[in-house]
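Results of the structural survey
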Amino acid sequence: MVFIQETGNEPGFPSALDMAACQQMQEGRDDCWQSLVQGLMQALSTEQNRLQQAIAHSQHLEAQNKQLEEKLAESEARNHALMEASTAQAQQFSETLRQLRQNQSKIVQSEKMASLGQLVAGVAHEINNPVNFIYGNLAHATEYTQQLMHLLQLYQQSYPAPDPAIAAEAATIEIDFLMEDLPKLLASMRVGAERIQKIVMSLRNFSRMDEAEMKAVDIHEGIESTLMILQNRLKAKPDHPEIQVIKEYGNLPPVECYAGQLNQVLMNILVNAIDALEEKSSGELGMENTQAGVPNSPSYAPWIRIRTQCLEGDRIQIVIADNGPGIPKTIQRQIFDPFFTTKPVGKGTGMGMSISYQIIAEKHRGSLECDSTPGQGTEFIIQIPVRQKGHFEAA
Ligand SMILES: Nc1ncnc2c1ncn2[C@@H]1O[C@H](COP(=O)(O)OP(=O)(O)O)[C@@H](O)[C@H]1O
Ligand SMILES: [Mg+2]
């Protein structure tokens, strides 16, 4: 600008210097062109080099980037795998823990049952002898009493007007009533002694301490013994009515089994049914409990039905059903889990069904299923093969 202003030339007109240069060029200074071209070429090639370097650099960066991305993906995958492995491990741990708890409870429970069995068998044995004295002697006592009474009657016939002292004593002891009552009294003592004998037999039968090994037994005998032991719980109580037991026994052959264990299963199922029926009837009573705390006689009649039958393929089936409250669908699958209980602490252990399942499925190659309709009742279905020995010996 300063240059233009100094010369006073219009813009666009070459200055004196430019002119000189042009002149020089025009004078055929080819080398000037050449050097210009060369300079340009050089600049171009430098630029090209720089560009190439930049491209190379960016390629390098790209490659590095890619490598980094790959590494990232790799480490992410490794992380994922690690996480999966640790989850799997945690699951395995909790499964192992569950199995440990289950085994422990099984051991505790079977130990408990074994000592309970021993206790029951011991008590039964101890009661057995004295009851037999009573029962055995009752027959003689009855006979002697009859003979004495007969003799007394003869005396009465022969001496219709006895000595006043004898007549007074006869009146004091109410001889007529006594003679009428004594045979009844002896009969009821006999019934009582028979009951005790039956209970003792059931206890021994139930505990079956003498039969630790597998043996062919009458299943109905096991059911009867178990019911006999549970009789007290079936009776009517102030807060619930009597539980009716309906027996529909089929024709069963002797079944090879661990009788004591099978009885334990029957006991577990029956006790659960009684618990459920009691729960339902106290619920019903609660609702119908009207004035002055006097419960109405409830329309609800609780029952347990035991049905046995032979199945095809040498199997037998025992179905124990009740008309209790049933089991909600959501927990039906859980009832065979160890420790699962819906009963209050101290009442339920949650072990009954889990042990029963193990006894039926594992020890007897059978099946134990539960079918329940909430509000209507529950059914337990036991199926076991008639013969076991061959299988277990072969195994
Ligand atoms: N007949 C039944 N009616 C209703 N519920 C039942 C019946 N039998 C079993 N159950 C349910 O199954 C659960 C588990 O039974 P169990 O293993 O014997 O443990 P527990 O009797 O100690 O609770 C019970 O708490 C109860 O909820
Ligand atoms: Mg139970």
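1. Some details on the overall build of the protein chain
Looking only at helices and strands, the protein chain has 10 helices and seven strands in total. For the protein chain, the residues scored as buried account for 18% of the 395 residues in total. Of the contacts made within the protein chain by residues no fewer than 6 positions apart, 71% connect residues no fewer than 24 positions apart.

2. Thoughts on the site of ligand 1
Around ligand 1 sit 20 residues in total, of which Ala276, Thr341, Gly348, Gly352 and Met353 are the nearest. At the level of secondary structure, the elements contributing two or more residues to the shell around ligand 1 comprise α7 (259-288) and α9 (352-363). Residue composition of the shell around ligand 1, grouped by class: seven nonpolar, 11 polar and two charged.

3. Focus: unusual backbone geometry
With the exception of glycine, the majority of residues adopt a negative phi angle, and the majority of peptide bonds are in the trans configuration. Phi angles above zero are rare outside glycine, and glutamate 174 is one such case at about 50°. With respect to the helices, strands and loops of the structure, glutamate 174 is situated in the loop between α4 (164-172) and α5 (175-207). In the Ramachandran plot, arginine 365 falls in the positive-phi region, its phi being about 50° despite a non-glycine side chain. Turning to its location among the elements, arginine 365 is positioned in the loop between α9 and β6 (367-373).

4. Concerning the confidence of the model for the protein chain
Taken over all residues, the pLDDT of the protein chain has a mean of 85, while the share at 70 or more is 86%. Mean pLDDT across the secondary structure elements of the protein chain bottoms out at helix α1 (residues 2-7), with 43, and peaks at strand β5 (residues 315-322), with 98. In the model, residues 1-12 has pLDDT below 50 throughout and makes six contacts with residues more than four positions away in sequence or in other chains.

5. Here's the deal with the packing of helix α3 (residues 30-158) against α5
The N-to-C vectors of α3 and α5 enclose an angle of 160°; their axes lie 8 Å apart at closest approach. Between α3 and α5, the angle falls in the class roughly antiparallel. The way α3 lies across α5 gives a crossing that is left-handed. Residues of the contact of α3 with α5, tallied by class, amount to 19 nonpolar, six polar and two charged.

6. Comments concerning the sheet that holds strand β7 (residues 377-385)
Spatially, β2-β4-β5-β7-β6 is the arrangement adopted by the five strands of the open sheet, whose pairing is mixed. The sheet is open, and its two edges are formed by β2 (244-248) and β6, each paired on a single side. If you compare each strand with its neighbour and ignore which way they point, the axes differ by 15° on average. Where β5 lies against β7, eight bridges are found, and the strand directions are antiparallel. Residue pairing for β7: alanine 321 is matched across the bridge by glutamate 379. Lying on the sheet, helix α6 (residues 219-234) is in contact with β2, β4 (303-311) and β5; it crosses β4 at an angle near 175°. Seen against the sheet, α9 touches β6 and β7 and runs at an angle of roughly 135° to β6.

7. Digging into the environment of asparagine 251
Residue placement: asparagine 251 occurs in the loop between β2 and β3 (255-257). Taking the number of C-beta atoms within 10 Å as the measure of exposure, asparagine 251 has 7 and is therefore exposed. Between the C-alpha atoms of asparagine 251 and cysteine 310, which are 59 residues apart in sequence, the distance is 7.1 Å.

Reading the values: the criteria
Residues numbered from 1 in each chain as written. Chains lettered and ligands numbered in written order. Predicted model: local features only at pLDDT ≥ 70, side-chain atom pairs only at ≥ 80, totals over all residues. Helix = DSSP H or I, 4+ residues; strand = E, 2+ residues; numbered from the N terminus. Buried ≥ 20, exposed ≤ 12 C-beta atoms within 10 Å, placed from the backbone. Contact = placed C-beta atoms within 7 Å. Near = placed C-beta within 6 Å. Nonpolar A, V, L, I, M, F, W, Y, C, P; charged D, E, K, R; others polar. pLDDT = per-residue confidence, 0-100. Axes fitted to C-alpha atoms, helices over the stretch in contact; angles between N-to-C directions. Parallel < 35°, antiparallel > 145°, perpendicular 65-115°, else oblique. Left-handed = near helix turned anticlockwise from the far one by under 90°. Pairing = 2+ DSSP bridges.

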